[in-house]
Amino acid sequence: MLNYLKFKIFMDNSEKGGSLKNIHAHYDISNDLFRTFLDKETLMYSSAIYDAVAQPPALMGQPSPGLRFKGTLEEAQWRKLDTLCDRAQILPGQTLLDIGFGWGGLSIHAAKKYGCKVTGITLSVEQKALAEERVEKEGLGHLINFEVVDYRIFARRQDNQGKFDRVISCEMIEAVGHEHLGEFFWAVEQVLKYDGVLVMEAITTPEARYETYLRSTDFINTIIFPGSLCPSLHALVDASYKWSTLSLEHIDNIGLHYAETLAEWRRRFNGKEDVVRKMGFDDVFLRVWNYYLTYCEAGFRSQTENCLILVFSRPGNKALMPLCESRAVTQMESFTEEEVEAWLE
């Protein structure tokens, strides 16, 4: 009970300092620490999307099939960035707001590939500093601007009203908090053009245990990501219709890809143990970080946590018509055992 009260009182993601303090506690630990395990090209701190196929049961020796993954983490993160941009149906030269831009991977990709004029907002000073270095190195300063500012303050500025063609938020919603989900959708409503699109990548909690989850604390939301909360899909949709005119248009579930991503992060992290120790991190930190990565991997591997890519827009948005093409809604025919083996070679 005391832990829960501490969580509710001191880790609330309020606009007046709470969110900033919580973000600083995790993301401003050390840029160099995160570079020991994230992919070397995009520095995305979110689920990748691997090349994967369902393997026939006979290959596993059990009736329940699983997924077989191949490719590098780098390849998988590029695939995820392309997927986010595809779901947003980004067009060349459009304006993009990247909420919680991390180390700039998505912003840089959108600017380079589509020529987008990108604005990124964050509460992490350390992330912004490294992201700006990366933008400068790519020569994209004329297309990308980063700012440390709360999304609610940003949305109230008059010059941001209806400014953006697309808004993408990649695993930032977990830092918002249940009580503030409506404020997030209100903020997007303010800055999004009438025919705009919001794409959100979100770690979600199944509805069956969401109410219990709201009344409790755990290792993640008190130790690793103070104040965090993984909302249910219902909570997100409920907040969107109560606080905005946005409707849910499309869903992808990449949770099993997250399990694979976390396994690779853990492998890379432990492979750099000597480097991590030289940064000043001790045995306790190493055990905590390993537990964090394993804990999360288990949640996604068991499918008791999900990672969803959600597309929101106002009704009647013709920009999303490509998501209704047959290639986007039909299931490809499964591989045979021989085809899976050939694919793995």
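For the structure, check the block above.
Residues numbered from 1 in each chain as written. Predicted model: local features only at pLDDT ≥ 70, side-chain atom pairs only at ≥ 80, totals over all residues. Heavy atoms only, no water.

S.K.: Explain the packing of helix H12 (residues 255-271) against helix H14 (residues 283-301) to me, please; I cannot follow it from the model alone.
M.R.: For any two helices packed against each other, one specifies the inter-axial angle together with the distance between the axes. One can describe the packing of H12 onto H14 by two numbers: an axis separation of 7 Å at closest approach and a directional angle of 160°. What the angle tells us is that H12 and H14 run roughly antiparallel. The handedness of the crossing between H12 and H14 is left-handed. Contacts from Gly-255, Leu-256, Tyr-258, Ala-259, Glu-260, Leu-262, Ala-263, Trp-265, Arg-266, Phe-269 and Asn-270 of H12 reach H14 at Phe-285, Leu-286, Trp-289, Asn-290, Leu-293, Thr-294, Cys-296, Glu-297, Phe-300 and Arg-301. Looking at the contact of H12 with H14 residue by residue, the classes come out as 13 nonpolar, four polar and four charged. (Axes fitted to C-alpha atoms, helices over the stretch in contact; angles between N-to-C directions. Helix = DSSP H or I, 4+ residues; strand = E, 2+ residues; numbered from the N terminus. Parallel < 35°, antiparallel > 145°, perpendicular 65-115°, else oblique. Left-handed = near helix turned anticlockwise from the far one by under 90°. Contact = heavy atoms within 4.5 Å. Nonpolar A, V, L, I, M, F, W, Y, C, P; charged D, E, K, R; others polar.)

S.K.: Honestly, the environment of Phe-34 in this entry has me stumped. Any pointers?
M.R.: With respect to the helices and strands, Phe-34 occurs in helix H3 (residues 31-35). Distance in space between the C-alpha atoms of Phe-34 and Val-276 is 9.8 Å, their sequence separation being 242 residues.

S.K.: Explanation requested: a positive patch on the surface in the structure shown.
M.R.: The grouping of Arg-35, Lys-40, Lys-137 and Lys-272 at the surface amounts to a positive patch. Its location among the elements puts Lys-137 in helix H6 (residues 125-138). (Patch = residues over 30% accessible without salt bridge, like charges linked within 9 Å, V, L, I, M, F, W, Y side chains within 5 Å. Areas by Shrake-Rupley, 256 points an atom, 1.4 Å probe, with all protein chains shown as cover. Salt bridge = Lys/Arg side-chain N within 4 Å of Asp/Glu carboxyl O. Lys, Arg positive; Asp, Glu negative; His and termini not counted. Charge placed at Lys NZ, Arg CZ, Asp CG, Glu CD.)

S.K.: Can you help me understand the packing of aromatic side chains in this one?
M.R.: To describe a pair of aromatic rings, you give the distance between the ring centres and the angle between the ring planes. All told, the structure shown has 27 aromatic pairs when counted by the stated rule. Measuring from centroid to centroid gives 5.7 Å for Phe-225 and Tyr-292, while their planes differ by 75°, and the two rings are edge-to-face. In this pair, Phe-225 is assigned in the loop between helix H10 (219-224) and helix H11 (233-243) and Tyr-292 in helix H14, connecting sequence segments 67 residues apart. There is no split in this pair, since Phe-225 and Tyr-292 are both buried. (Phe/Tyr/Trp six-rings, centres within 6.5 Å; stacked < 30°, edge-to-face > 60°. Buried < 20%, exposed > 50% of the residue type's maximum accessible area, 1.4 Å probe, protein only.)

S.K.: Quick question: what am I supposed to make of the sheet that holds strand E5 (residues 144-148) here?
M.R.: Sheet strands pair by backbone hydrogen bonding; their relative direction is either parallel or antiparallel. Strand order across the open sheet formed by seven strands is E5-E4-E3-E6-E7-E9-E8, with mixed pairing between neighbours. Strands with a single pairing partner mark the edges of an open sheet, and in this sheet they are E5 and strand E8 (247-253). Within the sheet, the average angular offset between the axes of one strand and its neighbour, ignoring direction, is 15°. Sheet topology note: the E8/strand E9 (residues 306-313) ladder contains six bridges and is antiparallel. By the bridge assignment for E9, Ile-251 is matched with Leu-310. Relative to the sheet, H6 contacts strand E4 (117-122) and E5, its axis offset from that of E5 by approximately 165°. (Pairing = 2+ DSSP bridges.)

S.K.: Is there a simple way to think about the pairing of E5 in this case?
M.R.: Consecutive side chains of a regular strand alternate in pointing toward one face of the sheet and then the other. Here E4 pairs with E5 via five bridges, running parallel. Residue pairing for E5: Thr-122 is matched across the bridge by Val-148. Remark: the E4/H6/E5 crossover connection has right-handed handedness. (Right-handed = clockwise from strand over helix to strand, strands pointing away.)

S.K.: Could you clarify how one ought to interpret the pattern of salt bridges in this entry?
M.R.: For side chains bearing opposite charge, pairing can occur when the charged atoms are close. Summed over all chains, the structure comprises 21 salt bridges. Taking the shortest distance from any N to any O, the salt bridge between Arg-209 and Glu-305 comes out at 2.7 Å. Taken together, the positions of Arg-209 in the loop between strand E7 (192-204) and helix H9 (210-214) and Glu-305 in the loop between H14 and E9 put the pair 96 residues apart, joining distant regions of the chain. Through salt bridges with shared partners, a single network forms among Glu-74, Glu-264, Arg-267 and Arg-268.

S.K.: Help me understand the environment of Pro-231, please; the structure alone is not making it clear to me.
M.R.: By secondary structure assignment, the location of Pro-231 is in the loop between H10 and H11. When its relative accessible area of 0% is taken as the criterion, Pro-231 is described as buried. Ignoring sequence-local partners within four residues, the contact set of Pro-231 consists of Ile-173, Leu-181, Ile-203, Thr-204, Thr-205, Tyr-210 and Leu-236.

S.K.: Would you take a moment to explain a negative patch on the surface for this structure?
M.R.: A contiguous patch of negative charge, built from Glu-333, Glu-337, Glu-338, Glu-339 and Glu-341, is present on the exposed surface. The residue Glu-337 is located in helix H16 (residues 337-344) in this model.

S.K.: Can you walk me through the packing of helix H4 (residues 73-88) against helix H5 (residues 105-114) in this structure?
M.R.: Where H4 contacts H5, the axes come no closer than 10 Å and their chain directions differ by 70°. Between H4 and H5, the interaxial angle falls into the category roughly perpendicular. Between H4 and H5 the crossing geometry is right-handed. Contact residues: H4 offers Trp-78, Leu-81, Asp-82, Leu-84 and Cys-85, while H5 offers Gly-105, Leu-106, His-109, Lys-113 and Tyr-114. Among the residues making up the contact of H4 with H5, the classes are represented as six nonpolar, two polar and two charged.

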